[in-house]
Amino acid sequence: MEGQTNRRLNKDGIRIHDPADFAGMRKAGQLAAEILDMIADHVVPGVATAELDKIAHDHIEAVGATSATIGYRGYQHATCISVNHVVCHGIPSPKKLLREGDILNIDVTVVVDGWYGDTSRMFAAGTLNRKAERLVNITHDALMLGIEQVKPGNTFGDIGAAIQKYAEGERCSVVRDFCGHGLGRVFHSAPNVLHYGRWGAGPKLEPGMFFTIEPMINLGRPETKVLADDWTAVTRDKSLSAQFEHSVGVTETGCEIFTLSPAGRFHPTWKS
């Protein structure tokens, strides 16, 4: 029966999953969140980002899951680790040592029984300065305001509009060059989930849709550029950038977040 599930596409080309499919997403999402919970204690000044990646890689192997990113379009790491002005897709390196006050996003995607769990969150090496703390808080709250819009009958434009209104109201900018995406038994699929937009615009949300919401918010301007490695995206003005990501599913009455932190470590303030 498993091969007969999650095949229906709606008129917008977005996959509508069966109620039973939520269990698979829940399991994959929880593993991804547990990995980031575990990494949290290792994010300290002086650690190399490659060491953090190895911790994730070894745990994924130990529990018999698969990294979705190793081998994806030639990528060779279990995580993306994006420090300070790196917006996303930062490549772990033994030469990149964290410094006191650095902020970083760690993004991990695992495959469990064919289902993809995708999440990222911000970490702080040492003590956050006030400017970085403000950006992290705004980005976290922007994500959660976007998630509040996830319910049947609302639109994808509502998600983006809520994020944009809040972030820009806090004098920050929303990155336009990257977006959230559908997922399930595939890594990336329709729809593209924009983090800006107009209220009431775009496809309507329906029960059974699975996708990520992952706003990237900059302290400066929204423009980005990709470095020569073809992965690392940075802010053009070198301003700080932050990102939080959850994988969610639309239910009959609202939303289920698949990637909640079991240890309550989704926001860096768990340290305080």
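As the structure is a computational prediction, the values presented were derived from the model and not from experiment.

Procedures and definitions
- Residues numbered from 1 in each chain as written.
- Predicted model: local features only at pLDDT ≥ 70, side-chain atom pairs only at ≥ 80, totals over all residues.
- Heavy atoms only, no water.
- Salt bridge = Lys/Arg side-chain N within 4 Å of Asp/Glu carboxyl O.
- Helix = DSSP H or I, 4+ residues; strand = E, 2+ residues; numbered from the N terminus.
- Buried < 20%, exposed > 50% of the residue type's maximum accessible area, 1.4 Å probe, protein only.
- Axes fitted to C-alpha atoms, helices over the stretch in contact; angles between N-to-C directions.
- Parallel < 35°, antiparallel > 145°, perpendicular 65-115°, else oblique.
- Left-handed = near helix turned anticlockwise from the far one by under 90°.
- Contact = heavy atoms within 4.5 Å.

(A) Spatial organisation of the pattern of salt bridges. Here the structure, examined in full by the defined rule, presents nine salt bridges. Across the pair E256 and R26 runs a salt bridge whose closest N-O atoms are separated by 2.6 Å. Placement of the pair is E256 in strand β17 (residues 255-257) and R26 in helix α1 (residues 21-39), with a sequence separation of 230 residues. The exposure class assigned to R26 is partly exposed, which follows from its relative accessible area of 37%. Between R176 and E168 there is a salt bridge, and its shortest N-O distance comes to 3.7 Å. R176 gets classed as partly exposed once you look at its relative accessible area, which sits at 35%.

(B) Structural context of the packing of α1 against helix α2 (residues 49-62). At their nearest, the axes of α1 and α2 sit 10 Å apart, and the two run at 140 degrees to each other. In terms of orientation, α1 and α2 fall into the oblique class. In this structure, α1 crosses over α2, and the sense of that crossing is right-handed. Note on element contacts: α2 touches α1 through L52, I55, A56, H59 and I60, opposite L31, I35, M38 and I39.

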